[in-house]
Amino acid sequence: MERLKTTYYFDNIEEPVIIPFTPLAVSRRLPYQLCTIGYVHFAGGFYTEREKQRNYQIIYTDEGSGLLTYNGKKFELDKGTAVFINCYEPHYYHTGIVARGSIVFCISRELAAPLSMR
């Protein structure tokens, strides 16, 4: 059995806003469905490291900066950048040198099987 891996440290500046969605039955036939959306304002110590999670995540950096390591490559998360992550793959992201960073995120439903980004 595969084991999910998740480690994190939430260094919030303010209380996060996270809104879960209950999908309609009709949306289950769509390739993706939104299950969570939120806004979190992190300080300089925030990080998340995960793998083997059967979903996708979109991260949009609204303010500040961060760094994403995904598939062995590093990507800067400067203000105004967005990334699409297959959470099944190992990934690590954290706030950058700028002490204040905001991340807007949404996660699609669980996948029937792991997919790789092409």
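Below or above, wherever it landed, is the structure these notes cover. Because the structure is predicted, anything quoted here is derived from the model rather than measured.

1. Overview of the side chain of His91
Examined against the element boundaries, His91 turns out to sit in strand 9 (residues 91-95). A distance of 2.9 Å separates the side chain of His91 from the backbone oxygen of Glu89, its partner in a polar contact. Ignoring any residue separated from it by four or fewer positions in sequence, one finds His91 in contact with Thr48, Glu49, Arg50, Leu68, Thr69, Tyr70, Ile85 and Asn86.

2. Some thoughts on the pattern of salt bridges
In the structure shown here, the tally under the stated rule is two salt bridges. Among the ionic pairs, Lys5 bridges to Glu49, the shortest N-O distance being 3.4 Å. Here Lys5, found in strand 1 (residues 5-9), pairs with Glu49, found in strand 4 (residues 47-51); they are 44 residues apart in sequence, far enough to count as distant. Taking the shortest distance from any N to any O, the salt bridge between Glu51 and Lys52 comes out at 3.4 Å.

3. Description of the side chain of Thr95
With respect to the helices, strands and loops of the structure, Thr95 is situated in strand 9. Here the side chain of Thr95 touches Ala43 through a polar contact of 2.9 Å, landing on its backbone oxygen. When neighbours within four sequence positions are excluded, Thr95 is seen to be in contact with Phe42, Ala43, Gly44, Gly45, Phe46, Ser65 and Gly66.

4. A few points about the pairing of strand 9
Pairing of strand 4 with strand 9, which is carried by four bridges, proceeds in the antiparallel orientation. When the bridges of strand 9 are listed, Tyr47 appears paired with His94. Pairing analysis gives five bridges linking strand 6 (residues 65-70) to strand 9, with the strands arranged antiparallel. Bridge pairing links Gly66 to Thr95 in strand 9.

What counts and what doesn't
- Residues numbered from 1 in each chain as written.
- Predicted model: local features only at pLDDT ≥ 70, side-chain atom pairs only at ≥ 80, totals over all residues.
- Heavy atoms only, no water.
- Helix = DSSP H or I, 4+ residues; strand = E, 2+ residues; numbered from the N terminus.
- Polar contact = N/O pair within 3.5 Å; in protein donor to acceptor, adjacent residues only side chain to side chain.
- Contact = heavy atoms within 4.5 Å.
- Salt bridge = Lys/Arg side-chain N within 4 Å of Asp/Glu carboxyl O.
- Pairing = 2+ DSSP bridges.

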